[in-house]
Amino acid sequence: MTTLLRLATAGSVDDGKSTLIGRLLYDSKAVMEDQLAAVERTSQERGSDYTDLALVTDGLRSEREQGITIDVAYRYFATPKRKFIIADTPGHIQYTRNMVTGTSTAQLAIVLVDARHGLAEQSRRHAFLASLLGVQHIVLAVNKMDLVDWDQHRYEEIRDEFHAFAARLDVHDVTSIPLSALHGDNVVTKSAHTPWYPGGALLPHLEDVYIAGDRNLVDVRFPVQYVIRPQTHEHADHRSYAGTVASGVLRPGDDIVVLPSGKSTRVVAVDGPTGPVTEAFPPMAVSVRVADDIDISRGDLLARVANQPEVTRQFEATVCWMADDGVLEAGRDYVLKHTTRTVRARVVELNYRLDVNTLHRDKTATTLALNELGRVTLRTRTPLMLDEYARNSATGSFILIDPETNATAAAGMVRATTPVADRAASPNAVPHRSLVTAADRLGKGRTVWFTGLSGSGKSSVAVLVERKLLSLGCPAYVLDGDNLRHGLNADLGFSRTDRDENQRRLAHVAALLADSGQTVLVSAISPMAEHRASARALHAERGFDFYEVFLDTPLADCERRDPKGLYARARSGEITQFTGIDSPYEPPVGPDLRLTPDRSPEEAAQLVLDLLGRSE
Ligand SMILES: Nc1ncnc2c1ncn2[C@@H]1O[C@H](COP(=O)(O)OS(=O)(=O)O)[C@@H](OP(=O)(O)O)[C@H]1O
Ligand SMILES: Nc1ncnc2c1ncn2[C@@H]1O[C@H](COP(=O)(O)OP(=O)(O)O)[C@@H](O)[C@H]1O
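Reading the values: the criteria
- In this numbering scheme, every chain counts its residues from 1 along its sequence in written order.
- Chain A is the first chain written and ligand 1 is the first ligand written, with later ones labelled in order.
- Where local features are concerned, this predicted model is filtered to residues with pLDDT of at least 70; where side-chain atom pairs are given and counted, the filter is 80 or more; whole-chain, interface and lining totals use all residues.
- Near residues are defined by distance alone, with the backbone-placed C-beta atom required to lie within 6 Å of the molecule or strand.
- Secondary structure is summarised from DSSP: a helix means a run of H or I of at least four residues, a strand means a run of E of at least two, and numbering begins at the N terminus for each.
- Three residue categories are used. Nonpolar comprises Ala, Val, Leu, Ile, Met, Phe, Trp, Tyr, Cys and Pro, charged comprises Asp, Glu, Lys and Arg, and polar comprises the others, including Gly.
- For every residue pair, C-beta atoms are placed from the backbone, and the pair is scored as a contact if these atoms sit within 7 Å.
- Values of pLDDT, ranging from 0 to 100, describe the predictor's confidence in every residue of the model.
- Defined on buried residues, the nonpolar core groups Ala, Val, Leu, Ile, Met, Phe, Trp, Tyr and Cys residues joined through C-beta atoms within 7 Å.
- Between the buried cut of 20 or more and the exposed cut of 12 or fewer other C-beta atoms within 10 Å of a residue's own C-beta lies the partly exposed class, and all C-beta atoms are placed from the backbone.

Draft legend 1. Geometry of the site of ligand 1. Taken together, 21 residues are adjacent to ligand 1, and S454, G481, F494, A524 and I525 come closest. Looking at the shell around ligand 1, the elements with two or more residues in it are α10 (481–484) and α11 (496–515). No other element matches α11, which puts three residues into the shell around ligand 1. Its residues assigned to classes, the shell around ligand 1 comprises seven nonpolar, ten polar and four charged.

See the structure below:
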């Protein structure tokens, strides 16, 4: 099995999107022979001396209107290295809503620009939407380079302008490629026309770009879709709750809380379509049986006791207005649909409208019209269980429905779950006897280095420690190896050399953050003793405390958990150089703390806190 990359394309109407997609499909031999024959015939009939690849995609497109794509079309192609699903989103300005739909599930966005015309509003708009929707990788494809005589200067001008714009977005990886989709230059193979271009062609980039798991497997969120009532009296205690796991891994035995009521209970069993399962993760549809007879209804959410979303009636969100008629303005009421919960909501305030070209925030704006984006404060009649979109796209997104027409009026992404002034009252603030005062801690940076196999629990424990420290007023920050591989370390793989470099960067970034006064929680496999020793030495040199915490979870346990399905893939040979399978892990000999899997993540986190407290 090869990995899957979901990508979205967008550009202005004539930027050559269809040709590019056609080229990718054609050159990866995904186009059926007979379709090709038909296209070649039509091209010849039209007097073209080349195969018009736009016809391939146009021929497959279901909905078209006056030559403008008006809906999202998904296409599929594969190479021996990867499978791809392309959301072909419309380039016409009217259709931001389709672009949002197509891009919302993408991991990478290709922004296509015509080299003759340079960046259009649409190019910026799409890059911006992609960043709002959490897309981490962008490719700027400067197309039609043949029409500007492969002018290096022109390409660099467009590239630099785009990079300057993208630098202000929350996107970690931007790659630019000069190409000609029509002639196939720099699409699949490197073109002889661009000797001045140091990078590679588009397809190899798409095949190799490192995409870490995009499923959130940390925060258990199970929105209840419906209640399955017992059929007979004998099973009266076996009411179960059906739904789709939105995030996290849910297992029998888990202590859970039912929100918004806040009552807690334990998961007794999780049933899949063919019977009980030992764990459920997104997007599995399961039913959950719990130990206590408590009131749970549709729209409630099950979460882990120690890891809860914000339960709130007021929050801030970015919305994209999609209604053809009517505008968004403060004071209006809508129906808000969030996971399985539907509630009444009022727009309390339009905080600002975003200009997608300049990223300017217009605080004087009073309305949002079709295709406009803005930041709003919303208040709901009953509470919602929210996470910020950046952390959890399932529980961080919603739609607004016009109660009159029943049409979708806006798509929204939760940005801040509680107004800043209310933060102290967060249900996530875990009360804890402070070991030192916040003032003592402030300014004194240090690093806790969590090492262990993939799935040993490094991230799970680190995020709990982070939350506990923050609730104690101690600035803390998790540096997760896996996450950093999206951005800073996106150029690195898993060879010994790349891991060395990955570890070197992590150690330096940790030391910088420690210098700024943070308690840095590094969560990275860090397989070699040498890696950990260098990180410790670097910290010692700079006068920062360093704690090595070993997640001593045996390989068999990690493999059984396999939270990202990577072990299975490593065993099948699909991933190579996988730590513990065909790449070494040297267990620490004298770690500052050793955590074994008989401890729950919460207990483990507390032990780390005790360790930090002891050495104050
Ligand atoms: N071949 C191979 N080997 C190990 N890990 C792999 C590999 N391929 C992908 N992944 C995923 O990348 C995460 C490990 O990255 P790190 O930066 O922590 O690794 S290292 O410290 O440089 O060894 C690791 O994340 P965690 O599971 O959180 O440890 C994996 O999800
Ligand atoms: N005692 C435990 N400590 C930490 N994680 C545990 C424990 N028991 C089960 N788990 C589960 O194991 C998985 C560990 O994954 P993760 O924290 O991402 O590991 P890593 O960051 O080391 O790859 C999570 O799904 C977590 O819920």
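Draft legend 2. Quick peek at the environment of H531. Summarising the element assignment, H531 is placed in helix α12 (residues 529–542). Along the chain, H531 and N502 lie 29 residues apart, while their C-alpha atoms are 9.6 Å from each other. H531 has contacts with Q503 and S526, leaving out every residue within four places of it along the chain.

Draft legend 3. Here's a closer look at the confidence of the model for the protein. Considering every residue of the protein, the mean pLDDT works out to 83; 83% of them sit at 70 or more. Here residues 51–70 is modelled with pLDDT under 50, and outside its nearest four sequence neighbours on either side it reaches 44 contacts, counting other chains as well. Taken together, the stretch residues 419–442 has pLDDT below 50 and engages in 27 contacts with residues farther than four places along the chain or on a different chain. This complex was scored by the predictor with a pTM of 0.54 and an ipTM of 0.95.

Draft legend 4. Local environment of the site of ligand 2. In the vicinity of ligand 2 lie 20 residues, with G457, K458, S459, S460 and P563 positioned nearest. When contributions to the shell around ligand 2 are tallied by element, the ones reaching two or more residues are α9 (458–471) and α15 (601–614). Here the shell around ligand 2 takes four residues from α9, the largest share from any one element. Per-class residue counts for the shell around ligand 2 are eight nonpolar, nine polar and three charged.

Draft legend 5. Structural view of the nonpolar core. Among the nonpolar cores identified, the biggest contains 104 residues, and A109, V111, I138, A141 and V142 are the most heavily contacted of them. When sequence neighbours within four positions are dropped, the list of residues in contact with A141 reads L20, I110, V111, L112, I177, L179 and L202. Listed in part, the 41 residues of the second largest apolar core include L506, A510, Y547 and C558.

Draft legend 6. Structural detail: unusual backbone geometry. The peptide bond linking L259 to P260 adopts the cis configuration, its omega dihedral lying at 15°. Of the consecutive residues P282 and P283, the connecting peptide bond is found in the cis state with omega at 0°. Secondary-structure assignment places P283 in the loop between β14 (275–277) and β15 (285–290). Non-glycine residue D562 carries a positive phi angle of around 30°. Structurally, D562 is set in the loop between α13 (555–561) and α14 (566–571).

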